[in-house]
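# Fold and contact review
If you want the building blocks of each chain, they are given just below.
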Amino acid sequence: MDRKYLVVGAGFAGAVYARELAEAGARVDVIDSRDHTAGNAFDYLNEDNIRVHKYGPHIFHTSNERVFKWLSQYTEWVDYKHKVLALHTDGEYYTLPVNKETSMLVGEENVADIFFKPYTKKMWGISLEELNPKILERVPVRDDYNEYYFPDDTIQKMPKDGYTVLIDNILDHENISVRLKTPFSYDMEKEYTHTFNSMPIDEYYHFIFGELPYRSIKFQTVTLPQKNVFKTATTNFTTWEGPTRVTEWKNFPNHGNNPGFTTLTYEWPCDYKTNQKERYYPVKTTDGLSSAIYNKYTEIDNKRMTFIGRCGTYQYLDMHQVINQSLAGSKKYLKEIL
């Protein structure tokens with residue numbers, strides 16, 4: 001295939017598109033404004049030999065066999081089923097998602113006030129009533145005694161050597177060139193047959209229809225001279241102020257066995273404008289205003305550009321959903337041109 005493509009973003013979406021195009025014989029240039037690959041899934045070993053996910057914890061879970069099989073070409077896995085506890089202001093720990101035991105202990109009538117309203121206000125900056133219910137459906141209240149965070153997913157694992165190695169393996173192809181610390185510029189487009197772009201769609205179009213709202217996260221990472229602090233990898237807080245949750249990295253498998261130190265990362269949600277425009281979560285509200293703005297951008301006729309990933313498509317997607325969407329999108333494109 002005598003075609004050359006530009007992929008903007010070296011996270012999961014960009015890596016999948018790049019690999020599928022390269023396997024079809026195309027030449028692909030991948031650029032990223034950051035100094036590392038793997039996007040928000042980037043992880044690294046700190047000076048205490050503890051693996052840290054720089055942009056918050058990423059846990060791979062899916063029931064999509066095709067996605068798992070595709071990724072397994074590029075990584076070995078370790079088993080891990082995610083558990084989350086909520087540290088309540090009463091000093092007790094309760095299972096999340098809220099299960100039958102948690103409801104009984106705190107009182108079913110108190111569940112929303114304790115576990116949903118404070119978290120929603122801190123995480124999304126709006127009230128529970130204003131938030132699109134589809135977001136809440138991701139973590140439903142259960143009527144059983146399940147203790148796992150993703151109980152319905154048949155595949156729950158972590159990449160043995162981390163997400164950065166996984167994505168670097170996907171990008172390791174003779175037809176793929178990766179350039180870091182390279183922001184997108186519009187004059188690049190003319191050099192390529194097509195561009196697959198994971199940058200925010202509203203930013204690409206100079207916000208002509210307005211800015212799409214996002215939530216961001218400020219991270220506070222500390223290392224303490226002790227073996228462990230918390231019972232699970234992720235602990236949520238039920239307070240109205242302060243961080244939403246903390247991750248203790250050693251509680252994930254293959255994330256370090258240092259007996260003398262443990263590393264914790266606290267998360268403080270905020271508007272993306274107050275965090276150097278770091279966009280993590282599209283804000284979908286019941287009034288549908290943000291979706292209406294996004295739809296205006298998608299109606300712009302731009303045949304040489306495909307927007308991909310969470311920011312390009314303005315969707316709240318898990319990793320397996322990004323990968324599945326990118327596999328489907330790349331195969332559809334290749335089928336149309338070949």
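The shown structure was predicted, so the numbers you read here are calculated from the model rather than taken from an experiment. (Residues numbered from 1 in each chain as written. Predicted model: local features only at pLDDT ≥ 70, side-chain atom pairs only at ≥ 80, totals over all residues. Heavy atoms only, no water.)

## Brief notes about the nonpolar core
Counting 79 residues, the largest nonpolar core has Phe12, Phe60, Leu71 and Ile323 as the members making the most contacts within it. For this core, the element with the highest residue contribution is helix α1 (residues 12–23), accounting for eight residues. Apart from the residues lying within four places of it in its own chain, the contact partners of Leu71 are Phe12, Phe60, Trp77, Leu166, Ile170 and Ile323. Within the second largest apolar cluster, eleven residues are counted, among which are Leu96, Val106, Ile114 and Phe115. (Core = buried A, V, L, I, M, F, W, Y, C linked by side-chain atoms within 4.5 Å. Buried < 20%, exposed > 50% of the residue type's maximum accessible area, 1.4 Å probe, protein only. Helix = DSSP H or I, 4+ residues; strand = E, 2+ residues; numbered from the N terminus. Contact = heavy atoms within 4.5 Å.)

## Overview of unusual backbone geometry
Of note, the amide linkage connecting Leu96 to Pro97 takes the cis form, showing an omega dihedral of -5 degrees. Residue position: Pro97 is located in the loop between β8 (93–96) and α3 (100–106). One non-glycine residue, Gln276, adopts positive backbone phi at about 55 degrees. Within the secondary structure, Gln276 sits in the loop between β15 (262–271) and β16 (281–282). Positive phi outside glycine occurs at Tyr314, with the angle close to 50 degrees. Note that Tyr314 resides in the loop between α9 (309–313) and α10 (319–337). Among the residues examined, Tyr314 registers a relative accessible area of 1% and is labelled buried.

## Observations regarding the sheet that holds strand β6 (residues 77–79)
Taken in spatial order, the three strands line up as β5-β9-β6 in an open sheet, and their pairing is antiparallel. Where the open sheet ends on each side, the last strands, each with one partner, are β5 (60–62) and β6. Strand-to-strand, the axes of this sheet are offset by a mean angle of 40 degrees, without reference to chain direction. One ladder, built from three bridges, connects β6 with strand β9 (residues 155–159); its direction is antiparallel. Paired with Asp79 across the bridge in β9 is Lys157. (Pairing = 2+ DSSP bridges. Axes fitted to C-alpha atoms, helices over the stretch in contact; angles between N-to-C directions.)

## What to know about the sheet that holds β16
Strand order across the open sheet formed by seven strands is β8-β7-β13-β14-β15-β12-β16, with mixed pairing between neighbours. In this open sheet, the two strands that pair with only one neighbour each are β8 and β16. Pairing analysis gives four bridges linking strand β7 (residues 84–87) to β8, with the strands arranged antiparallel. Bridging from a neighbouring strand, Leu85 pairs with Thr95 of β8.

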